[in-house]
Amino acid sequence: YGNFIDDLRVYVRGGTGGMGHPRLGGEGGRGGDVWFVAQERMTLKGIKEKYPHKRFVAGTGANSSVRALKGEKGKDREVHVPPGISLVTDDGKQIGELNAAGERFLAARGGLGGSLATNFLPCKGQKRIIHLDLKLIADVGLVGFPNAGKSSLLSKISHAKPEIASYPFTTVQPELGKIMYADYKQVVADLPGLIEGAHVNRGMGHKFLKHIERTKQLLLVVDISGFQLSLKTQFRTAFETILLLTKELELYKEELVTKPALLAVNKMDLPCAKDNLNELMSQLQNPQDFLHLLEEEMIPANTLEFKEIIPVSTYTGEGIEELKTYIRKSIDEEAERENEEYRKKKLLLLQTSQEEKMNR
């Protein structure tokens, strides 16, 4: 899986409280807390290299003394992590998220200092094991089976330089590329080749499917001439490939299919590509009429509705600029829709508070 790390298991413990002073009724200081703080340019690989033991313990609270009856709080421990982290306990329960730089999460609370209530004996800090689960945050997630040309497409539309070869599974770790526009940048995530059964973790299924969860939109990339992983597997047409990709997303997490989606039909430079495209377009207009082409268990409950279908060729450059324009347009429309929803919520809250004031 290369050098890329997207899951790290760490031990955290809050500091022990300080001793109380029974004769004078003094109270020991509380133990320090352990905090996770999101910071740009941090990586889980960097954390692992810097802290090979993966243990983070906060400072002990100061003991109560004649000079200071109330002991000082122990030193907090801050652990810098990359944005896009989910915090998950060993039993799989998510306890928090850090999505933007500067966000903080209290991972382990320090113990109370010794006092009358504890017979002047200090309490130990909270301890737990936490998985730092990274999901790449990107505007657009590329989705497709091996050899659909996702890496080639990413290199054409962005400044990324992923490894490209003629065999399947070239990409063994997520690649991020920035599409450059005249006024600002957009980030695209390249998701390595999924195979049938990715939802049950075949291939590198879950490691890559989880990265789609945080993308705002999907960009499906299919080979117009169809796809066959090996001689032992069945050949799939472009239409069947789209249905299978939809099924994989749906089985992993149903909400993925509700994301806005674009379709890039790649390898339009191949012979018969235009005839295949015409056939694909008619199939996508009435998908229900062609579902019989697939086995029943392969048919998704809901078909993806594409905002745009763009024929492209990463070999000749056909359609690449149009695709970049559509990606930008789609993202802008989605941002405007979110802003409109936010404005409506604000207005509704304002109206409700005014009505409440009038009723008083």
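Now for a look at the structure at hand. In every chain, residue numbers begin from 1 and rise along the written sequence. Local features in this predicted model are restricted to residues whose pLDDT is 70 or higher, and side-chain atom pairs enter the listing and the counts only when it is 80 or higher, whereas totals over whole chains, interfaces and linings include all residues. Remark: hydrogens and water are excluded; side-chain values derive from all non-hydrogen atoms of the structure.

Time to look at the packing of helix 4 (residues 238-252) against helix 5 (residues 273-285). Angles shown run from 0 to 180 degrees and are taken between the N-to-C directions of axes, each axis being a line fitted to C-alpha atoms and, for helices, limited to the stretch in contact. Per the convention used, a helix needs a DSSP run of H or I reaching at least four residues, while a strand needs a run of E reaching at least two, with both numbered from the N terminus. At a closest axis distance of 9 Å, the pairing of helix 4 and helix 5 adopts a crossing angle of 45 degrees. The angle between helix 4 and helix 5 places the two elements in the oblique class. Within the contact between the two elements, helix 4 uses Ala-238, Phe-239 and Ile-242 and helix 5 uses Leu-280, Gln-283 and Leu-284. By the convention adopted, Pro, Cys, Tyr, Trp, Phe, Met, Ile, Leu, Val and Ala count as nonpolar, Lys, Arg, Asp and Glu as charged, and the other residues, Gly among them, as polar. Class assignment of the residues belonging to the contact of helix 4 with helix 5 gives a composition of five nonpolar, one polar and no charged. Angle categories: roughly parallel below 35 degrees, roughly antiparallel above 145, roughly perpendicular from 65 to 115, and oblique for all the rest. Any two residues whose heavy atoms approach within 4.5 Å are treated as being in contact.

Strands belonging to one sheet form pairs held by backbone hydrogen bonds; the direction of such a pair is parallel or antiparallel. When DSSP locates at least two bridges between a pair of strands, those strands are taken to pair. Reading across the sheet, the five strands line up as 3-1-8-5-6 and stay open at both edges, with mixed pairing between neighbours. The strands lining the two open edges of the sheet, one partner per strand, are strand 3 (55-57) and strand 6 (94-98). Each strand of the sheet is rotated relative to its neighbour by a mean of 25 degrees, with strand direction disregarded. Where strand 1 (residues 7-13) meets strand 3, three bridges bridge the pair, whose relative direction is parallel. Along strand 3, the bridge assignment pairs Val-12 with Phe-56.

The next point concerns the sheet that holds strand 7 (residues 104-108). Spatially, three strands are ordered 4-2-7 in an open sheet, and the strand pairing comes out mixed. A single partner strand is all that each edge strand has here, and the edge strands are strand 4 (77-81) and strand 7. Averaged over all pairs of adjacent strands, the angle between their axes in this sheet comes to 30 degrees, without regard to strand direction. Where strand 2 (residues 34-38) lies against strand 7, four bridges are found, and the strand directions are antiparallel. The partner of Phe-36 across the bridge, within strand 7, is Phe-105.

Once that is clear, we can look at the nonpolar core. Joining through side-chain atoms within 4.5 Å is the link that ties buried Ala, Val, Leu, Ile, Met, Phe, Trp, Tyr and Cys residues into a set, and such a set is a nonpolar core. Categorising residues by exposure relies on relative accessible area from a 1.4 Å probe, with only protein chains included: less than 20% of the type maximum marks a residue as buried, more than 50% marks it as exposed, and the intermediate range marks it as partly exposed. Among the nonpolar cores identified, the biggest contains 31 residues, and Leu-220, Ile-242, Leu-249, Leu-263, Val-265, Leu-280 and Phe-306 are the most heavily contacted of them. Mapped onto this core, the elements with two or more residues apiece are helix 3 (205-212), strand 12 (217-223), helix 4, strand 13 (261-266) and helix 5. Per-element tally for this core: the top contributor is helix 4, with seven residues. When neighbours within four sequence positions are excluded, Leu-263 is seen to be in contact with Leu-219, Leu-220, Val-222, Ile-242, Leu-284, Phe-306, Glu-308, Ile-309 and Ile-310. With 23 residues, the next largest nonpolar core counts Phe-36, Leu-44, Ala-58 and Val-79 among its residues.

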